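A look at the structure
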Amino acid sequence: MTTFPLPVDRTSGSPIHRQIYEGLRQAILPGRLRPGQRLPSTRCFSRELGVSRLPVLTAYDQLLHEGYFSAKIGSGTFVSDALPDDLFLSSPGRPAGPPARPRDRFQPPPPPGSRLGPFQVGIPALDRFPHAEWAGLVARHARGLTLAQLSYGDPAGWPALRGAVADHLRTTRAVRCEAEQVVIVSGSQAALRLAASVLLSPGDGVAIEEPGYFGAQRAFEAARCRLVPVPVDEEGLSIASLHRRGRRLGAVYVTPSHQFPLGVSMSAGRRFALLDWAVRHDAWVLEDDYDSEFRYVSRPLGSLQGMDTHGRVIYLGTFSKALFPAMRVGYLVLPPPLCDRFVEARRAFDFFPPSLLQLALAEFLDAGGLARHLRRMRGIYQERRDALLAGLRRHCARVLTVHDADAGLHVTAFLADGADDGIVLRRMEERGLVARALSACYIGAARRPGLLLGFGTATAQQLLEATRVLGEVLREPGAIAAAHRADR
Ligand SMILES: Cc1ncc(COP(=O)(O)O)c(C=O)c1O
């Protein structure tokens, strides 16, 4: 193709994938690349530019994700016929319209989930979601909305969806629940905020896993709670440490099925000990079961909630991993005595989740769409996980130690003590690889360096190639600085 110049400047400090992305976008803006025009394959284009294929793949992925490109299976990649809004507002070839307002010229930075590199953490395989089936369901429900469905809904959620979620959780996660205990919310983040507002007061202590999930940290900080980090070991949260810290804690937040980010599952002994601790201290246990649908090595473990005989566990889950994050639908399963308080608090937040989505989702669950999708995705993710592990063994074995890779959509790998994972991440970014630093998941001073490597968004082949590039990055002089960072 290169009918337009796209110089790649290795000295500019801007990552190569970013330069390619910008170069292509700048060629689309004035119409040098036209709607419908076919793009060269990533292999040819990388050869023409004299760069590896990975930054080209990353740039293409981002342009696809933002709607500048479209892909037709078997035919290649094209400039989109329907380009994102406002794209041509200031382009010279267009008839003169009203001058673009500052808002039109502003190009917002891409949202966090839009940088779909091979190691993107926490994002499922969005291209494998059954879009057509889902779109058909949503359209049918939109056409058939009754007057009651157009009006205010139940703050606990649409009854059909609460029932479908309860059925799903009873059978797949051994959650003990009836539909009446389920409250539909806008994802786990909203579930945590709601739980904090009902159960905790500003200044209350909340034990969180160390290292742990930044979303939970954020939610409790926003509720002005006091975060108390409790270390995680091979069996999950250390209950001995919890006892040492736990005299005045209102709640403990845990991810027992698949600890985020280390990946361990909490042992049965620890589960009983945690429940016992909660009863003795009159504290709540917030169980976040965010991605346990995907387990590759053994059968999924049942929920902690299913072992709770004293009504101390608040169970929360999400469709962000099983379906897609933009769905923004999650759920809480509450001990019955808490239901009314949560529903009242829900009214004060955002009333209730959009009815149309809930109706479509209820049918998707009832008709077996979710179960079918999960079955299919397990096989796909297993293949991707296996490719990632094989690539890490082949290219990074001397530098990275994989911790636990039995479940979920990412693998956590340790760097040697004293390494600086921030530097590694920056070097990776320059080569088009976007991951997360393990050290950023801690709130205390003692942090283990490592990488969280997602495998949801890339094919097995792309992951193998990405591990090869990662191996090169890790062998670059100075990539793994042997110094503790005093600034964190
Ligand atoms: C531990 C944990 N909980 C929950 C979520 C998803 O949250 P949400 O439902 O708000 O998208 C994630 C996403 O990465 C996660 O890692």
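Parameters and conventions
Residues numbered from 1 in each chain as written. Predicted model: local features only at pLDDT ≥ 70, side-chain atom pairs only at ≥ 80, totals over all residues. Heavy atoms only, no water. Helix = DSSP H or I, 4+ residues; strand = E, 2+ residues; numbered from the N terminus. Buried < 20%, exposed > 50% of the residue type's maximum accessible area, 1.4 Å probe, protein only. Contact = heavy atoms within 4.5 Å. Areas by Shrake-Rupley, 256 points an atom, 1.4 Å probe, with all protein chains shown as cover. Axes fitted to C-alpha atoms, helices over the stretch in contact; angles between N-to-C directions. Parallel < 35°, antiparallel > 145°, perpendicular 65-115°, else oblique. Left-handed = near helix turned anticlockwise from the far one by under 90°. Nonpolar A, V, L, I, M, F, W, Y, C, P; charged D, E, K, R; others polar. Near = heavy atom within 4 Å. Polar contact = N/O pair within 3.5 Å; in protein donor to acceptor, adjacent residues only side chain to side chain. Salt bridge = Lys/Arg side-chain N within 4 Å of Asp/Glu carboxyl O.

Focus on the overall build of the protein chain
- Secondary structure summary: the protein chain contains 16 helices and 14 strands in total.
- Residue burial in the protein chain is summarised as follows: out of 488 residues, 54% are buried.
- Expressed as a percentage of contacts within the protein chain between residues at least 6 apart in sequence, the contacts between residues at least 24 apart total 73%.
- Carbon together with sulfur atoms contributes 54% to the accessible area of the protein chain, which is approximately 21,700 Å² in total.

Some remarks on the packing of helix α5 (residues 131-143) against helix α13 (residues 355-366)
- Across the interface, α5 lies against α13 with an axial gap of 9 Å and an inter-helix angle of 125°. One finds that α5 runs oblique with respect to α13. With respect to the hand of their crossing, α5 and α13 are arranged in right-handed fashion. Here Glu-133, Trp-134, Leu-137, Val-138, Arg-140, His-141 and Ala-142 of α5 come into contact with α13, specifically with Leu-356, Leu-357, Leu-359, Ala-360, Leu-361, Glu-363 and Phe-364.
- Class assignment of the residues belonging to the contact of α5 with α13 gives a composition of 10 nonpolar, one polar and three charged.

Observations regarding the side chain of Thr-467
- Here Thr-467 shows up in helix α16 (residues 460-475).
- Thr-467 has contacts with Phe-119, Leu-388, Gly-391, Leu-392, His-395 and Cys-396, leaving out every residue within four places of it along the chain.

Points about the site of the ligand
- Close to the ligand lie Gly-187, Ser-188, Gln-189, Tyr-213, Tyr-253, Phe-260, Asp-288, Tyr-290, Thr-318, Ser-320, Lys-321 and Arg-328.
- Take Thr-318: an N or O atom from its side chain is 2.6 Å from an oxygen atom of the ligand.
- Ser-320 has a polar side-chain atom sitting 2.7 Å from an oxygen atom of the ligand.
- The protein chains hide 91% of the 400 Å² of surface that the ligand would expose on its own.

Section: the pattern of salt bridges
- For the structure on display, the rule yields 18 salt bridges.
- When the shortest N-O distance is used, the salt bridge between Glu-363 and Arg-140 registers 2.7 Å. Taken together, the residues Glu-363 in helix α13 and Arg-140 in helix α5 connect sequence positions 223 residues apart.
- Since its relative accessible area comes to 42%, Arg-140 is described here as partly exposed.
- The partner of Asp-167 in a salt bridge is Arg-170, and the shortest N-O contact between them spans 2.4 Å. Here Asp-167 pairs with Arg-170, and both are found in helix α7 (residues 159-173), just three residues apart, close to one helical turn.
- Classification of Asp-167 by relative accessible area gives partly exposed; the value is 38%.
- A single network of salt bridges, built from pairs that share partners, joins Arg-427, Arg-431, Glu-465, Arg-468, Glu-472 and Glu-476.

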